[in-house]
Amino acid sequence: MSIGKLFRQTSLLALAVVTSPVAAQDARTVTQLDSGWRFFDGDAPDAVAPEFSDATWEAVAVPHTWNRVGYYRHDLGGTNTPATVKKRQGIGWYRLRFATPATGAGQRQWLEFDAASRTAKVWLNGKYLGEHRGGFSRFRLDATAAMLARGENVLVVRVDNTQPKAEGPTADILPLTGDFFVHGGLYRPVRLVTTAPLHIDMADHGGSGVRATTISANPQEASVDIAVRLANDGARAAKAVVRVSLVDREGRQTAVATLQAALGAVQKTELVTRLNVTEPHLWQGTADPYLYDLMVEILDEKGRATDTLRQPFGIRTMAFDPNKGFLLNGQPYRLNGVGYHQDRDGKGWAISRANVEEDVATIREMGANSIRLTHYQHGQDIHDIADRTGIVLWDEIPLVSAWTLGGKLDADPALVANVRQQLEELVRQNQNHAATAIWSIANEVDFGNSFPIFLTGNKDGKVPDPLPLLGELNGLAKQLDPSRPTALATCCEGRLFASDVSIPTTAVAANLGGANRYFGWYFGKPGDLGPHLDGLRAARPEQPLAVTEYGAGGALTIHTDNVAGGPADSRGFAQPEEYESHIHETALEQIDARPWLYATWLWNSFDFATTIRNEGDAQDINTKGLVAYDHKTRKDAYYFYKANWNPAPMVHITGKRYANRAYPITDVKVYSNAQSTELLLNGRSLGSKSDCPQKVCVWSAVALDEGTNALVARGVHSGGQVEDKAEWMLSPETRRHMVIDTGTLVAGKGNNRVLGSDNWFEGGSVASLDTPADYGKPAKPAEIANTQERDALATYRHGTFSYRVPVADGRYRVTMWFATAANQKVGAFDVRQGKNTLLRGFQPAIPATGAVAEAKAFTIKAKGGLSLDFVAGTGDARVSMIEIEKLR
């Protein structure tokens with residue numbers, strides 16, 4: 001579809017919540033099937049028989065998953081441990097006994113599953129009801145014929161979350177891969193829904209059977225098209241009256257329509273009408289998420305209500321413009337968003353509505369007004385809550401990175417059918433939500449041949465072309481819901497790759513563009529993001545563009561003294577909390593300078609489980625969240641966005657978890673949106689700051705006291721003041737004797753002392769004697785002789801560079817350490833202190849094998865700070881560690 005200059009979208013919120021007003025209690029009832037379940041962790045094919053004994057099975061409640069994945073190597077941010085983790089993927093069985101509800105004759109019985117992962121086969125009283133293939137969407141099965149007239153029924157469900165592989169049982173079910181863990185089980189609610197024979201269609205791909213689309217809306221009037229799918233499952237023909245009305249919060253009908261229908265036995269039909277609303281109260285996002293009630297009532301020929309559906313909904317229009325960005329009801333509306341996965345520590349995917357409420361409250365506290373629901377269909381809870389709170393949603397199917405297995409170049413027909421099914425379920429179940437703005441048809445399917453062979457299996461270098469499948473999905477999405485745009489998120493267009501790497505341009509396959517870009521983390525420099533976005537816009541000036549992912553890992557227990565001290569390790573250990581904040585600070589500055597972006601979604605709101613990561617201070621956790629896996633422990637970067645996005649006055653001292661400080665002199669950074677902010681150290685004022693750029697206030701070169709350092713940041717605003725506190729410790733030894741671990745972002749573990757990361761340098765480059773981690777493989781440390789500080793000496797700064805250390809005047813013993821490895825090319829260089837040459841033509845020893853360290857010590861008198869200049873000669877200057885000890 002050509003989007004032209006402006007893609008306009010109109011829609012009507014309709015929350016697909018099946019409820020029953022008093023007048024129709026006999027027509028539709030809902031029984032929650034949440035307790036009394038039995039679970040077997042493995043295969044048990046004999047369990048289908050009603051008489052099978054499950055007395056030894058585990059007693060569980062639904063929602064339930066047997067998987068627990070991901071843990072921290074510390075006691076912050078989560079409760080999972082190596083002992084409680086369970087990563088097995090495969091078959092599991094559930095059994096439940098429940099009584100047949102007391103209903104009138106001829107009632108229909110439906111089993112409703114909000115999700116079962118990845119596949120589910122269902123039996124009732126030994127009779128096979130059917131199978132659902134796909135782990136994220138709601139499905140219903142007609143259980144009428146299998147239900148006992150009275151007494152106890154036996155429900156049996158076999159689920160299978162086997163990781164897809166060629167010729168395997170889940171080879172045709174998306175996602176085939178992804179940087180997230182697919183949990184198994186009945187992880188969303190299960191219900192028994194009882195209806196009359198004449199009812200709103202229950203077999204509408206898991207949807208409500210009612211579809212509502214706002215055709216136009218402004219403060220004066222709105223027009224809403226309604227489609228009602230009506231089913232007569234009775235043995236006789238039936239006449240029906242369908243009443244559709246729109247009711248405001250005061251209970252007043254603002255629009256009403258009455259339709260007539262005649263259905264034969266076991267027949268379905270679809271009725272359409274239009275509701276015209278005078279002076280509608282529009283859904284205005286987080287400022288005013290106003291919800292009406294859409295009432296649909298089915299009456300038989302005697303005027304009796306046979307079915308009723310009440311759906312909260314909001315009227316709004318949405319538009320996406322390549323120059324103006326996103327428009328809500330015709331007005332510019334900046335979407336400041338987050339990505340969101342549905343798992344959490346201790347529960348996996350088996351989360352409750354209260355958990356989702358808490359997550360949304362946390363996201364809203366930060367000031368975000370949009371959520372990218374990744375990388376699969378999320379449940380009705382998040383959609384319902386987003387409608388009510390005014391959050392704009394990006395909905396997505398699980399077409400992530402791969403759509404073939406075993407090196408095939410074309411998707412199997414069964415997989416194509418599955419992705420079409422999942423897209424149709426996504427649309428039908430969520431198209432009535434005002435919060436839903438976008439249908440995303442893929443995430444990062446444009447890697448091309450940039451992946452290594454051992455990951456793809458494509459030994460001849462050929463890779464599948466994603467464009468035919470994307471074109472098919474784009475067409476299907478437009479057919480199902482022409483009112484919303486399609487989108488996809490790319491990883492790779494415009495990035496610099498080797499000359500033999502070919503990247504497909506997939507953004508053209510959807511209406512809206514989305515870029516997942518990790519400059520300063522996986523590639524490039526933090527400041528490259530803005531120019532890169534300008535390049536994407538120049539390539540397609542008519543296509544609205546968003547940043548769909550950006551960010552960095554942030555470990556709660558790993559810290560740095562200088563974010564420029566060395567490279568972050570996106571696949572290894574060096575992932576300090578401060579570097580995550582740095583990436584977000586630099587990214588937001590570039591994003592804010594480009595108001596034409598229709599949205600940005602940072603990655604990610606919360607840490608989440610994935611089994612392809614062993615990095616930072618966590619195992620099997622992606623630590624890019626602004627909040628830890630417990631969904632409670634907030635990282636510093638969270639407060640950066642809160643200061644910028646939430647107008648409520650706040651202050652936050654960063655680096656609280658870096659309590660045992662490595663240096664007696666440090667910068668203190670405070671996020672503050674107060675009118676002025678004062679910093680106090682042990683009761684002494686260090687001055688006030690106002691109008692800090694990006695709400696980031698920095699007090700430079702603060703001298704810490706020996707022992708406890710109580711910091712207080714006090715923000716003053718028109719309504720009073722806000723305050724935050726932190727407590728740091730500086731040991732007597734560290735105050736007297738500081739150690740700079742050069743060439744590194746994160747200092748190595750010292751031998752019974754605290755080391756600081758590289759700091760106070762000017763110029764030079766960094767390197768390491770260690771082999772870095774890659775694709776889940778741990779780093780390989782070098783063995784270094786003649787030292788007890790292997791971790792510190794493995795990294796070094798080299799080139800021509802200087803250190804300007806802000807020490808107090810006095811005499812110091814300075815010890816410089818140099819580590820080299822066999823086969824390194826090491827030339828001679830000088831080291832100077834002011835006009836004094838400490839080392840002239842110095843060339844560190846080069847071992848025949850392995851690596852070796854040596855030290856050079858000097859007594860230096862410092863005035864106005866300590867200066868050390870490393871000057872290249874026949875080779876680069878280099879230094880691995882610098883000790884600075886104050887002499888009495």
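Residues numbered from 1 in each chain as written. Predicted model: local features only at pLDDT ≥ 70, side-chain atom pairs only at ≥ 80, totals over all residues. Heavy atoms only, no water.

Asker: Sorry, what's going on with the nonpolar core here?
Answerer: For soluble globular proteins, nonpolar side chains are generally found buried alongside one another. Core analysis: the biggest nonpolar cluster contains 85 residues, and Phe326, Tyr340, Met366, Ile371, Ile438, Tyr598 and Tyr641 have the highest contact counts within it. Among the elements that make up this core, the one with the highest residue count is helix α8 (residues 636-645) (seven residues). If we skip the residues at most four places from it in the chain, phenylalanine 326 touches Met318, Ala319, Phe320, Gln331, Pro332, Tyr333, Leu335, Val392 and Tyr598. Residues Val242, Leu271, Phe313 and Ile315 belong to the second largest nonpolar core, which totals 32 residues. (Core = buried A, V, L, I, M, F, W, Y, C linked by side-chain atoms within 4.5 Å. Buried < 20%, exposed > 50% of the residue type's maximum accessible area, 1.4 Å probe, protein only. Helix = DSSP H or I, 4+ residues; strand = E, 2+ residues; numbered from the N terminus. Contact = heavy atoms within 4.5 Å.)

Asker: Looking at this structure, I do not really get helix α5 (residues 467-480). What am I missing?
Answerer: Within an α-helix, residues lying three or four positions from one another point in the same direction, as the helix has 3.6 residues per turn. The first and last C-alpha atoms of α5 sit 20 Å apart over 14 residues, in line with the 20 Å expected at 1.5 Å per residue. Buried residues of α5: Leu469, Leu470, Leu473, Asn474, Leu476, Ala477, Lys478 and Leu480, and no others. (Expected span 1.5 Å × (residues − 1).)

Asker: Help me understand the sheet that holds strand β6 (residues 91-99) in this model?
Answerer: Hydrogen bonding along the main chain pairs the strands of a sheet, whether they run parallel or antiparallel. Judged by pairing direction, the sheet is antiparallel, and its six strands sit side by side in the order β4-β3-β6-β11-β8-β9 without closing on themselves. The open sheet terminates on both sides in strands that have one partner only, identified here as β4 (58-60) and β9 (127-133). Between one strand axis and the next, the sheet turns by 25° as a mean value, whatever way the strands run. With six bridges joining them, strand β8 (residues 119-124) and β9 adopt antiparallel strand pairing. If you follow lysine 121 over to β9, its bridge partner there is glutamate 131. (Pairing = 2+ DSSP bridges. Axes fitted to C-alpha atoms, helices over the stretch in contact; angles between N-to-C directions.)

Asker: What should I look at first to understand helix α6 (residues 529-539) in this one?
Answerer: For α6, the set of buried residues is Leu529, Gly530, His532, Leu533 and Leu536. The buried side chains of α6 occupy one side of the element, clustering within an arc of 160° when seen end-on. Exposed side of α6, more than 90 degrees from the buried face: Pro531 and Ala538 are the residues found there. Considering only its buried residues, α6 is in contact with β29 (513-516), β30 (545-549) and α7 (577-592). (Arc of directions from axis to C-beta.)

Asker: What am I meant to see in the pattern of salt bridges here?
Answerer: Pairing of side chains with opposite charge becomes possible as their charged atoms draw close. Scanning the model with the defined rule gives 58 salt bridges in all. For aspartate 620, the salt bridge identified is with lysine 87, shortest N-O distance 2.9 Å. With aspartate 620 in strand β33 (residues 618-622) and lysine 87 in the loop between β5 (71-72) and β6, the pair connects residues that are 533 residues apart, well separated along the chain. On the basis of relative accessibility, which here comes to 3%, the residue aspartate 620 falls in the buried class. Residue classification places lysine 87 among the partly exposed residues on the basis of a relative accessible area of 38%. A salt bridge links aspartate 204 to arginine 229, with the nearest nitrogen and oxygen atoms 3.6 Å apart. (Salt bridge = Lys/Arg side-chain N within 4 Å of Asp/Glu carboxyl O.)

Asker: Honestly, the packing of α6 against α7 in this entry has me stumped. Any pointers?
Answerer: Pairs of packed helices are described in terms of their axes, by the angle between the two and the distance that separates them. Running from N to C, α6 and α7 point in directions that differ by 40°, and their axes come no closer than 9 Å. Classified by the interaxial angle, the pair formed by α6 and α7 is oblique. Considering only the axes of α6 and α7, their crossing is right-handed. In this structure, α6 uses Leu529, Gly530 and Pro531 to contact α7, whose residues at the interface are Ala587, Gln590 and Ile591. Tallied by class, residues from the contact of α6 with α7 come to four nonpolar, two polar and no charged. (Parallel < 35°, antiparallel > 145°, perpendicular 65-115°, else oblique. Left-handed = near helix turned anticlockwise from the far one by under 90°. Nonpolar A, V, L, I, M, F, W, Y, C, P; charged D, E, K, R; others polar.)

Asker: Whenever I open this one, the layout of surface pockets confuses me. Can you help?
Answerer: Picture a little ball the size of a water molecule; that probe, rolled over the atoms, points out where space is still empty. Its volume calculated, the second largest pocket comes out at about 860 Å³. Along the walls of the second largest pocket sit 34 residues, with Asp569, Phe573, Ala574, Asp770 and Ala779 positioned nearest its centre. By residue number, the principal contributor to the lining of the second largest pocket is strand β43 (residues 761-768), which donates three residues. A breakdown of the residues in the lining of the second largest pocket according to their chemical character gives 15 nonpolar, nine polar and 10 charged. (1 Å grid on protein atoms, 1.4 Å probe; cavity = no way out; pocket = protein on both sides within 12 Å on 5 of 7 lines; lining within 4 Å. Points joined across faces, edges and corners; volume = space filled by probe spheres on them.)

Asker: Is there a simple way to explain the side chain of threonine 795 in this structure?
Answerer: Take threonine 795: it is sitting in strand β45 (residues 795-805). Since its relative accessible area comes to 12%, threonine 795 is described here as buried. From its side chain, threonine 795 meets the backbone oxygen of threonine 742 in a polar contact 2.7 Å long. Contacts of threonine 795, omitting those with residues within four sequence positions, involve Asp741, Thr742, Gly743, Thr744, Ala767, Ser768 and Ser880. (Polar contact = N/O pair within 3.5 Å; in protein donor to acceptor, adjacent residues only side chain to side chain.)

Asker: Even after reading the chapter, I still don't get the state of the cysteines, so can you show me in this structure?
Answerer: Within the structure shown, the criterion is met by two disulfides. Put simply, cysteine 692 and cysteine 697 are joined by a disulfide, and their sulfur atoms are 2.0 Å apart. The sign of the S-S torsion, about 105°, decides the handedness of the disulfide formed by cysteine 692 and cysteine 697: right-handed. The class for cysteine 697 is buried, based on a relative accessible area of 2%. When the cysteines engaged in disulfides are numbered in sequence order, the protein chain pairs them as 1-2, 3-4. (Disulfide = S-S within 2.5 Å.)

Asker: Before we go on, may I ask you to explain the pairing of strand β35 (residues 665-672) in this structure?
Answerer: Within a regular strand, the side chains alternate between the two sheet faces. Most of β35 sits inside the fold, with six of its eight residues counted as buried. The pairing of strand β34 (residues 651-653) with β35 spans three bridges and is antiparallel. Paired with valine 651 across the bridge in β35 is serine 672. Strand direction decides the pairing type here: β35 and strand β38 (residues 696-703), joined by six bridges, are antiparallel. Among the inter-strand pairings, valine 670 is bridged to a residue of β38, identified as cysteine 697.

Asker: I would appreciate a short explanation of the sheet that holds strand β36 (residues 676-681) in the present structure.
Answerer: Here four strands make up an open sheet; going across it, the order is β37-β36-β39-β40 and the pairing antiparallel. What marks the edges here is a single partner per strand, and that holds for β37 (684-690) and β40 (720-730). With direction set aside, neighbouring strand axes in the sheet form an average angle of 15°. Looking at chain direction, β36 and β37 are connected through five bridges and run antiparallel. Considered in β37, the bridge of serine 676 is made with serine 690.

Asker: Could you clarify how one ought to interpret the environment of alanine 822 in this entry?
Answerer: By the secondary structure assignment, alanine 822 is in the loop between β46 (810-821) and β47 (829-833). Between the alpha carbons of alanine 822 and alanine 851 there is a distance of 6.2 Å; along the sequence they are 29 residues apart. Here alanine 822 is in contact with Ile846, Pro847, Ala848, Thr849 and Gly850, once residues within four sequence places are set aside.

Asker: What am I meant to see in the packing of α7 against α8 here?
Answerer: Between α7 and α8, whose axes approach to 8 Å, the crossing angle comes to 30°. Judged on the interaxial angle alone, α8 and α7 are roughly parallel. Contacts between α7 and α8 involve Glu577, Glu580, Ser581, His584, Glu585 and Leu588 on the former and, on the latter, Asp636, Ala637, Phe640, Tyr641, Asn644 and Trp645. Looking at the contact of α7 with α8 residue by residue, the class counts come to five nonpolar, three polar and four charged.

Asker: When you look at unusual backbone geometry in this model, what are you seeing that I'm missing?
Answerer: What you tend to see is this: most non-glycine residues have negative phi, and most peptide bonds are trans. Across the junction of threonine 374 and histidine 375, the peptide omega takes the value -25°, indicating a cis bond. Note on placement: histidine 375 falls in the loop between β25 (370-373) and α2 (380-389). Across the junction of tryptophan 603 and asparagine 604, the peptide omega takes the value 10°, indicating a cis bond. Relative to the helices and strands, asparagine 604 is located in the loop between β31 (599-602) and β32 (608-615). The backbone of asparagine 125 shows a phi angle near 55°, a positive value even though the residue is not glycine. Topologically, asparagine 125 is positioned in the loop between β8 and β9. The backbone phi angle of asparagine 329 is positive, close to 55°, even though this residue is not glycine. Counting through the fold element by element, asparagine 329 comes out in the loop between β22 (325-328) and β23 (331-332).

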